[in-house]
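Chains, contacts and geometry: an overview
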Amino acid sequence: MQIMSTAARKAGRKLSRDFGEVEHLQVARKGPADFVSAADRKAEEIIFENLAEGRPGYGFLMEERGEVEGTDKTHRWIVDPLDGTLNFLHGMPHFAISIALEREGEIVAGLVYNPANDEMFHAEKGRGAWVNDRRLRVAGRTELHESVIATGTPFFGKKGHARFLKELHQVMPNVAGVRRYGAASLDLAWVAAGRFDAFWERDLKAWDIAAGLILVREAGGYIGELDGGKDVLTTGNIVAGNEAILKKLTEKLQAAA
């Protein structure tokens, strides 16, 4: 965890400096998309160098670099250097660095760090989930009508708009509120912290959710696959919450099929 947090804080300092330049992007010669690409590539480079130095031989799965084979076939880092790119681009301080460690196919440690407010969510298998120095527990609500549910909407160019609208139609009338904040890793961290009662989204990548999985589980929550499968990291179709809310939310979502 020390190696992960050091890497995240170093990359976070670079992202924070870049975030401070967002207001000037409209005059940048190459445009904002190139700026953000450069920002997350640099953050990923910093994370890659620090993790590789701290644990030589471990493999990597990274958003920009893709799969990097290591000599140690039992361990793999799963990294998203900038989750919430659109928020970052628009000057919204809701984005994160996500780092997870996979050992023999199981996520055993995870970290989600928002450098904008210096909140570091972290968890290790069997050791609980924390934000900075405070222990986390998922919310204890058991009724949907009392619950605030987070989700992610399919953006321009992604499939699944019609299905999402059907799911939303099933969920919205039955809950206290639905929120879409635009960073899946932080949504899951906020479920672990009890800020959201549950979260669902489809077609995510492993680096979007790997760290969040262990945060939720170590905070006493549960993870499900929206279509009843077992391998959420592969399908990217995730629902998360406490046991009671996850069951009720999943029933509503599956009724939309």
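First, a word on what this report is: a plain description of the structure on this page. This is a predicted model, so every value here is computed, not measured. (Residues numbered from 1 in each chain as written. Predicted model: local features only at pLDDT ≥ 70, side-chain atom pairs only at ≥ 80, totals over all residues. Heavy atoms only, no water.)

**Observations concerning the sheet that holds strand β4 (residues 96-103)**
- Spatially, β2-β1-β3-β4-β5-β6-β7-β8 is the arrangement adopted by the eight strands of the open sheet, whose pairing is mixed. A strand with exactly one partner marks an edge of an open sheet, and here the two such strands are β2 (66-68) and β8 (134-135).
- Bridge count between β4 and strand β5 (residues 106-114): seven bridges; the pairing is antiparallel. When the bridges of β5 are listed, A100 appears paired with G110.
- In this fold helix α1 (residues 2-19) packs onto β3 (72-83), β4, β5 and β6 (119-124), with an angle of close to 30° to the strand it touches most, β5. (Pairing = 2+ DSSP bridges. Helix = DSSP H or I, 4+ residues; strand = E, 2+ residues; numbered from the N terminus. Contact = heavy atoms within 4.5 Å. Axes fitted to C-alpha atoms, helices over the stretch in contact; angles between N-to-C directions.)

**Some details on the pairing of strand β11 (residues 198-201)**
- The alternating pattern of β11 places A198 and W200 and F199 and E201 on opposite faces, both of which are buried.
- Across three bridges, strand β9 (residues 148-151) lies against β11 in parallel orientation. Bridging from a neighbouring strand, I149 pairs with A198 of β11.
- Bridging between β11 and strand β13 (residues 238-241) involves four bridges; their strand directions are antiparallel. Paired with E201 across the two strands is I238, which belongs to β13. (Buried < 20%, exposed > 50% of the residue type's maximum accessible area, 1.4 Å probe, protein only.)

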